[in-house]
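A look at the structure
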Amino acid sequence: MKLNRNLYLLALGVFGITTTEFGIIGVLPEIASAFRISIEKAGWLLSAFALIVAVFGPFMVSLLSSFPKKKLLLASLFIFAIANLGSACIDHFYLLMAVRMIPAFFHPVYWSIALSIAEKTSAPKDRSKAVSIIFSGLTLATVLGVPMATLTSDLFSWQASFLLTAFINIIALIGIQLFLPVIEKETKQPVSFNISTFNHKTLWLGLLLAFFTIAAMYSTYGYMADFLKNVTRMDGRQISLMLFMFGTVGIAGNRIAGKYMSRFPHQTTFIFLLLLGAIHGLMGYYGSFPVPMIWMVGCWGLVHSAGFLISNINVTSSVSGSSEFINSIFTSCGNFAVTAGTLSGGFWIAHYGIENVIWSSIIGIAFAFILLLVRKKG
């Protein structure tokens, strides 16, 4: 029970930093309007953040690994809070993007510590369940963080959404400070940046599978608010409700994936990709109809929420080694994929229209299917 409490506290921090990263999704149309830029250019507020995480993730984890873990968790949340407060005061797009990049350097530090603690403190048979608790913070960000940021922007202003995100990070910081004990022996030994880790074929297949899976997820999800606004013709409050429903049903999806990935990893991944592809296909035909879209958003959230957990387990189970380093590699891969996905979605929107953005996701899902089959035969 105490162990689960510690994991849920770590998940609270994940909720804070993930709301900072993805809370921008529901605010993109307002920011694009405020700065008089295109929606695909506004999408760089998500892409640039993810790109920093992807490029610098393993280096930051290695560089800071000798510091006390709890202090690193607290410092990361503090930097996220300050960056969000600063973002609310900015009236220039490129300066806003630059300020959002600062906490991105510490995003992989928090994630790698939280995931490695979940893995190290649980029995092998319970590892996927422990990891799913950490990922519940990401799910909670989609349940509450993203829709709350969207609603706050709609009721007040896009600046207010950043103030809300800063408040969430401060609450997470206080929770970690007051209630999280030191649950592993602190060490001054740094995490080694072991290049030989990359010699494993199974690791590369796992990383490529994770890359195309997550890129496919965010090609459309990154522009979900714009899709609902311009294709389904929903207003700001309706979009907030859709985002809330998307995340709420995602709680169940995350738990289901955590339950079955430890026993049936290949089958669970296969079913996930199949359902994700089917949902995007249906959105292409029925996305302009509000009632069918409500049902599809619910199904979409149920499936989508499992993507990061499934991808993480596919990567971390493919090779042995330092759990913090492997998780930092996964975090980099995942954020490269978020960057690629949002850029691909933005390109598709610019050339074919927001109503066809789902095809960017479907192409990514097709590549992920191929890699899953290759991985199974290998």
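Scroll up for the structure.
Presented here is an overview of the structure given in this document. As the structure is a prediction and not an experimental result, all values here were calculated from the model.

Topic: the overall build of the protein chain
- Each helix and strand counted, the protein chain has 17 helices and zero strands in total.
- Its C-alpha radius of gyration of 19 Å places the protein chain within 12% of the 21 Å reference for a compact globule of 378 residues.
- The principal-axis extents of the C-alpha atoms in the protein chain amount to approximately 55 × 50 × 35 Å.
- In the protein chain, which comprises 378 residues, the share counted as buried stands at 57%.
- Once local pairs closer than 6 in sequence are excluded, the contacts in the protein chain between residues at least 24 apart make up 85%.
- With the model as given, the accessible surface of the protein chain reaches about 15,400 Å², and the carbon-plus-sulfur share is 70%.

Some details on the packing of aromatic side chains
- Applying the stated criterion across every chain, the model contains 18 aromatic pairs.
- Considering the side-chain rings of Phe22 and Tyr218, the 5.0 Å spacing of their centres and the 25° angle between planes classify their relative orientation as stacked. One end of the pair, Phe22, is in helix H1 (residues 2-22); the other, Tyr218, is in helix H10 (residues 201-221), with 196 residues separating them in the sequence. As far as burial versus exposure is concerned, Phe22 and Tyr218 are alike and both buried.

What to know about the nonpolar core
- One finds Leu10, Ile31, Tyr110, Ile134, Phe135 and Phe308 to be the most contacted residues of the largest nonpolar core, which totals 116 residues.
- Per-element accounting of this core gives the leading share, 11 residues, to H10.
- Setting aside residues up to four positions removed in sequence, Ile134 forms contacts with Leu7, Leu10, Ala11, Val14, Trp111, Ala114, Leu115 and Ala118.

Observations regarding the environment of Asn4
- Looking at the secondary structure, you find Asn4 in helix H1.
- Residues Asn4 and Ile133, 129 residues apart in the sequence, show an inter-C-alpha distance of 8.1 Å.

Section: the pattern of salt bridges
- Following the criterion strictly, the structure yields one salt bridge and no others.
- In this structure, Asp154 engages Arg237 in a salt bridge whose closest nitrogen and oxygen atoms are separated by 3.4 Å. Taken together, the residues span a long stretch of sequence, with Asp154 in helix H8 (residues 127-155) and Arg237 in helix H12 (residues 236-261) at a distance of 83 residues.
- We classify Asp154 as partly exposed; its relative accessible area is 29%.

Brief notes about helix H5 (residues 69-87)
- When the terminal C-alpha atoms of H5 are compared, their 27 Å separation across 19 residues agrees well with the 27 Å that a helix rising 1.5 Å per residue should span.
- Taken residue by residue, H5 has Lys69, Leu72, Leu73, Leu74, Ser76, Leu77, Phe80, Ala81, Ala83, Asn84 and Ser87 as its buried positions.

As for the side chain of Thr18
- By the secondary structure assignment, Thr18 is in helix H1.
- Setting aside residues no more than four positions away along its own chain, Thr18 makes contact with Gly23, Trp111, Leu138 and Ala141.

Some thoughts on helix H13 (residues 265-286)
- Taking 1.5 Å per residue, 22 residues should reach 32 Å; H13 reaches 31 Å between its end C-alpha atoms and fits that length.
- Along H13, the positions that sit buried rather than exposed are Thr268, Thr269, Phe272, Leu273, Leu276, Ile279, His280 and Met283. An end-on view of H13 places all buried positions within 130° of arc, on one side of the element.
- Elements that come into contact with the buried residues of H13 comprise H10, helix H11 (224-230), H12, helix H14 (290-304), helix H15 (307-316) and helix H17 (358-377).

So, the side chain of Asn84
- Its place among the elements puts Asn84 in helix H5.
- A residue is classified by how much of its surface remains accessible, and Asn84, at 2% relative accessible area, is buried.
- The residues contacting Asn84, other than those within four sequence positions of it, are Thr20, Phe162, Thr165, Ala166 and Asn169.

Side note on the environment of Lys71
- Within the fold, Lys71 resides in helix H5.
- Residue classification places Lys71 among the exposed residues on the basis of a relative accessible area of 60%.
- Sequence separation between Lys71 and Pro181 is 110 residues, and the spatial gap between their C-alpha atoms is 11 Å.

Looking at a nonpolar patch on the surface
- A contiguous nonpolar patch, built from Trp44, Leu51, Val55, Phe56, Phe336 and Leu343 and spanning about 450 Å² of accessible area, is present on the exposed surface.
- Secondary structure elements with two or more residues in the nonpolar patch: helix H4 (44-64) and helix H16 (323-352).
- A per-element tally of the nonpolar patch places H4 first, with four residues.
- Assignment of secondary structure puts Val55 in helix H4.

Considering unusual backbone geometry
- One non-glycine residue, Arg36, lies in the positive phi region at around 55°.
- Notably, Arg233 is not glycine yet its phi reads approximately 60°, a positive angle.
- In this fold, Arg233 is placed in the loop between H11 and H12.

Cut-offs and rules
- Residues numbered from 1 in each chain as written.
- Predicted model: local features only at pLDDT ≥ 70, side-chain atom pairs only at ≥ 80, totals over all residues.
- Heavy atoms only, no water.
- Helix = DSSP H or I, 4+ residues; strand = E, 2+ residues; numbered from the N terminus.
- Rg over C-alpha atoms; globule rule 2.2 N^0.38 Å.
- Buried < 20%, exposed > 50% of the residue type's maximum accessible area, 1.4 Å probe, protein only.
- Contact = heavy atoms within 4.5 Å.
- Areas by Shrake-Rupley, 256 points an atom, 1.4 Å probe, with all protein chains shown as cover.
- Phe/Tyr/Trp six-rings, centres within 6.5 Å; stacked < 30°, edge-to-face > 60°.
- Core = buried A, V, L, I, M, F, W, Y, C linked by side-chain atoms within 4.5 Å.
- Salt bridge = Lys/Arg side-chain N within 4 Å of Asp/Glu carboxyl O.
- Expected span 1.5 Å × (residues − 1).
- Arc of directions from axis to C-beta.
- Patch = residues over 30% accessible without salt bridge, like charges linked within 9 Å, V, L, I, M, F, W, Y side chains within 5 Å.

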